[in-house]
Amino acid sequence: MSSNKTILVTGATGLIGQALCPKLEAQGHTVRSLSRSSGDFRWNPAQGKIDPAALAGVDTVVHLAGESVAQRWTAAAKRRILDSRLASSSLLVQEILKCEQPVSYISASGINFYGYQKSQPVDESAESGEGFLAEVCRHWEGAADRLGAAGHRCVFVRTGVVLSPRGGALAKMLPPFKAGVGGKVGSGQQMMSWISLNDLVRIYLRCVEDATIAGPLNAVAPEAVSNLEFTQAMGAALKRPTAVPLPAFAVKLMFGEMGRETLLSDLQVLPAQLQAMGFGWEHERINDALDELLQS
Ligand SMILES: NC(=O)c1ccc[n+]([C@@H]2O[C@H](COP(=O)([O-])OP(=O)(O)OC[C@H]3O[C@@H](n4cnc5c(N)ncnc54)[C@H](OP(=O)(O)O)[C@@H]3O)[C@@H](O)[C@H]2O)c1
């Protein structure tokens, strides 16, 4: 294994952070959390405040913090979603630029960088696309431009829909599917690019330990699925019927713009960088992933 790192993790209290931090520690790394309300160090990105000791001796920053996207996108919510990522990234960049040691900056980003509708599969070489989340991702990644220019390694983990029964999209879908009132969303033809939480944690570990990895990296399973295929896999894993569809107009009525860019998003993302690195997924196929994640 690689030499032990001292890693500052923001958003360590969230779905991904809670799974990642123990795994980093189990590999012998020293983990420090940076949070608005708990953990080892405090910050308040909205006010531009950070504990000055947070970066001392740190060689890697894993930046996961950001306002949840899973809410109705009022004007105020959109401001929080964008500002929380921009302010936190800018603050980290400012602090890293003060460090004498080289720091690897590994930041979450989203596959929505590519937009929410693409007729062709996209890999890391594709341009950014349309929509609010694409704009958020461009600003989020762009905030680190000065780091790259100063010679610090930057990785942007463009993450697909993270599957875990403990939180995120899957946990929200579980109650209706378990009750037998789940079903396809919209036409069901829209493609969904996903990653199991366990594989995502393994990807972050690899990014921390392998200094040759830099730039954008699509964190998705090799096989994207249509919403209908996902729905059928949910039904099979839970042994429940999936005959109650959620029409597109209902999604737009209930969730507005957020529903259009997430639930109805049609995006087939290819993990070209992971494949080039020879990454081995534990969950390559949706049926196997859901069977394992949802076994009771
Ligand atoms: N889960 C997914 O499917 C998915 C997909 C694509 C991208 N991502 C991105 O990956 C990152 C981690 O995802 P996650 O699912 O672990 O997120 P999460 O569970 O929502 O946790 C994010 C963490 O960010 C901090 N945070 C929340 N609101 C904030 C605000 N307004 N300002 C500053 N910090 C705030 C919180 O930490 P403290 O309270 O400790 O400060 C929170 O625990 C996020 O940026 C997310 O957008 C996730």
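No experiment lies behind these values; they were computed from the predicted model shown.

J.: Quick rundown of the packing of aromatic side chains? Include the residues and the values.
T.: Under the defined criterion, the tally for this structure stands at 3 aromatic pairs. Centroid distance Trp-73 to Phe-132: 5.0 Å. Interplanar angle 65°. Geometry classified as edge-to-face. Of this pair, Trp-73 sits in the loop between β5 (60-63) and α2 (75-98) while Phe-132 is found in helix α3 (residues 132-142), placing the two residues 59 residues apart along the sequence. No difference in accessibility class separates Trp-73 from Phe-132, as the two residues are buried. One Lys or Arg, Arg-85, reaches over the ring of Trp-140 and ends 4.7 Å from the middle of that ring.

J.: Give a description of the pattern of salt bridges that names residues and reports values.
T.: Taken as a whole, this structure holds 8 salt bridges when the rule is applied. A salt bridge links Glu-67 to Arg-80; the nearest nitrogen and oxygen atoms lie 3.1 Å apart. Separated by 13 residues along the polypeptide, Glu-67 in the loop between β5 and α2 and Arg-80 in helix α2 bring together distant segments of the chain. When its relative accessible area of 38% is taken as the criterion, Arg-80 is described as partly exposed. Linking Glu-95 and Lys-98 is a salt bridge whose minimum nitrogen-to-oxygen distance equals 2.9 Å. You can see Glu-95 and its partner Lys-98 sitting in helix α2, 3 residues apart, about one turn around the helix. Salt bridges here are not isolated pairs; linked through shared partners, they connect Asp-199, Arg-202 and Glu-282.

J.: An account of the side chain of Ser-35 is requested, with residue identities and associated values reported.
T.: Structurally, the position occupied by Ser-35 is in strand β2 (residues 30-35). Here Ser-37 takes part through its backbone nitrogen, which lies 3.0 Å from a polar atom of the side chain of Ser-35.

J.: Lay out the pairing of strand β3 (residues 41-44) in plain terms, naming residues and giving numbers.
T.: Of the two faces of β3, the one holding Phe-41 and Trp-43 is buried and the one holding Arg-42 and Asn-44 is not buried anywhere. Sheet topology places β2 next to β3; 2 bridges connect them, and they run parallel. What sits directly across from Leu-34, in β3, is Phe-41.

J.: Residues and numbers for the site of the ligand, please.
T.: Close contacts around the ligand come from 19 residues, with Thr-13, Leu-15, Ile-16, Ser-35 and Arg-85 the closest. A distance of 2.9 Å is found between an oxygen atom of the ligand and a side-chain nitrogen or oxygen belonging to Arg-36. Taking Arg-85, its side chain carries an N or O atom lying 2.8 Å from an oxygen atom of the ligand. Taking 890 Å² as the accessible area of the ligand by itself, protein coverage stands at 80%.

Calculation notes
- Residues numbered from 1 in each chain as written.
- Predicted model: local features only at pLDDT ≥ 70, side-chain atom pairs only at ≥ 80, totals over all residues.
- Heavy atoms only, no water.
- Phe/Tyr/Trp six-rings, centres within 6.5 Å; stacked < 30°, edge-to-face > 60°.
- Helix = DSSP H or I, 4+ residues; strand = E, 2+ residues; numbered from the N terminus.
- Buried < 20%, exposed > 50% of the residue type's maximum accessible area, 1.4 Å probe, protein only.
- Lys NZ or Arg CZ within 6 Å of the ring centre and 35° of its normal.
- Salt bridge = Lys/Arg side-chain N within 4 Å of Asp/Glu carboxyl O.
- Polar contact = N/O pair within 3.5 Å; in protein donor to acceptor, adjacent residues only side chain to side chain.
- Pairing = 2+ DSSP bridges.
- Near = heavy atom within 4 Å.
- Areas by Shrake-Rupley, 256 points an atom, 1.4 Å probe, with all protein chains shown as cover.

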